[in-house]
Amino acid sequence: PYERIRRIAELRGEATAIRAGETTLTYGALIASVDKKAAFLKEDGIGLGDRIALCVPRSIEMIAWMLAIQRVGAAYVPIDPTY
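These numbers were taken from a predicted model, which means no experiment stands behind them. (Residues numbered from 1 in each chain as written. Predicted model: local features only at pLDDT ≥ 70, side-chain atom pairs only at ≥ 80, totals over all residues. Heavy atoms only, no water.)

## A short note on the confidence of the model for the protein
Here is step 1: Considering every residue of the protein, the mean pLDDT works out to 94; 100% of them sit at 70 or more.
Here is step 2: Within the protein, no element has a lower average pLDDT than helix α1 (residues 2-12), which sits at 91, and none a higher one than helix α2 (residues 27-43), at 97. (pLDDT = per-residue confidence, 0-100. Helix = DSSP H or I, 4+ residues; strand = E, 2+ residues; numbered from the N terminus.)

## Quick look at the packing of aromatic side chains
Here is step 1: Throughout the structure, instances matching the rule amount to one aromatic pair.
Here is step 2: For the pair Phe40 and Trp65, a centre-to-centre distance of 6.3 Å together with 75 degrees between the ring planes defines the contact as edge-to-face. Note that Phe40 is positioned in helix α2 and Trp65 in helix α3 (residues 60-71), a separation of 25 residues in sequence.
Here is step 3: The class of Trp65 is partly exposed, set by a relative accessible area of 22%. (Phe/Tyr/Trp six-rings, centres within 6.5 Å; stacked < 30°, edge-to-face > 60°. Buried < 20%, exposed > 50% of the residue type's maximum accessible area, 1.4 Å probe, protein only.)

## What about the packing of α1 against α2?
Here is step 1: At a minimum axis separation of 8 Å, α1 and α2 run at an interaxial angle of 135 degrees. Comparing the axis directions of α1 and α2 gives the class oblique. The chirality of how α1 crosses α2 is left-handed. Contacts between α1 and α2 involve Tyr2, Ile5, Arg6, Ile8, Ala9 and Arg12 from the first element and Tyr27, Gly28, Leu30, Ile31, Val34 and Asp35 from the second.
Here is step 2: Classifying every residue of the contact of α1 with α2 by side-chain character gives eight nonpolar, one polar and three charged. (Axes fitted to C-alpha atoms, helices over the stretch in contact; angles between N-to-C directions. Parallel < 35°, antiparallel > 145°, perpendicular 65-115°, else oblique. Left-handed = near helix turned anticlockwise from the far one by under 90°. Contact = heavy atoms within 4.5 Å. Nonpolar A, V, L, I, M, F, W, Y, C, P; charged D, E, K, R; others polar.)

## Description of the environment of Ile63
Here is step 1: Within the secondary structure, Ile63 sits in helix α3.
Here is step 2: When the C-alpha atoms of Ile63 and Ile52 are compared, they prove to be 14 Å apart, with 11 residues separating the residues in sequence.

## Concerning the pairing of strand β4 (residues 75-78)
Here is step 1: The pairing of strand β3 (residues 51-54) with β4 spans four bridges and is classified as parallel. Paired with Leu54 across the two strands is Pro78, which belongs to β4.
Here is step 2: As for the winding sense of the linkage, the β-α-β connection from β3 through α3 to β4 is right-handed. (Pairing = 2+ DSSP bridges. Right-handed = clockwise from strand over helix to strand, strands pointing away.)

Okay, here's the thing in structure tokens:
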């Protein structure tokens, strides 16, 4: 999914990628957020084949983290924050 979204961002960076309630995020802003999070994960040694617990409420941030984890080659394990 990351590469596909990046291609869309290159063509239509200002188009709305995500809308959650009153909040919207463009493709360009989404890719910037994902890249920043992916860099953080890489700096922390996260990479191919690693599994990352993802415990955040459903939100735009959750989507950005999911994509960032995938971008570095890891897998996310979703954990409901209410548990």
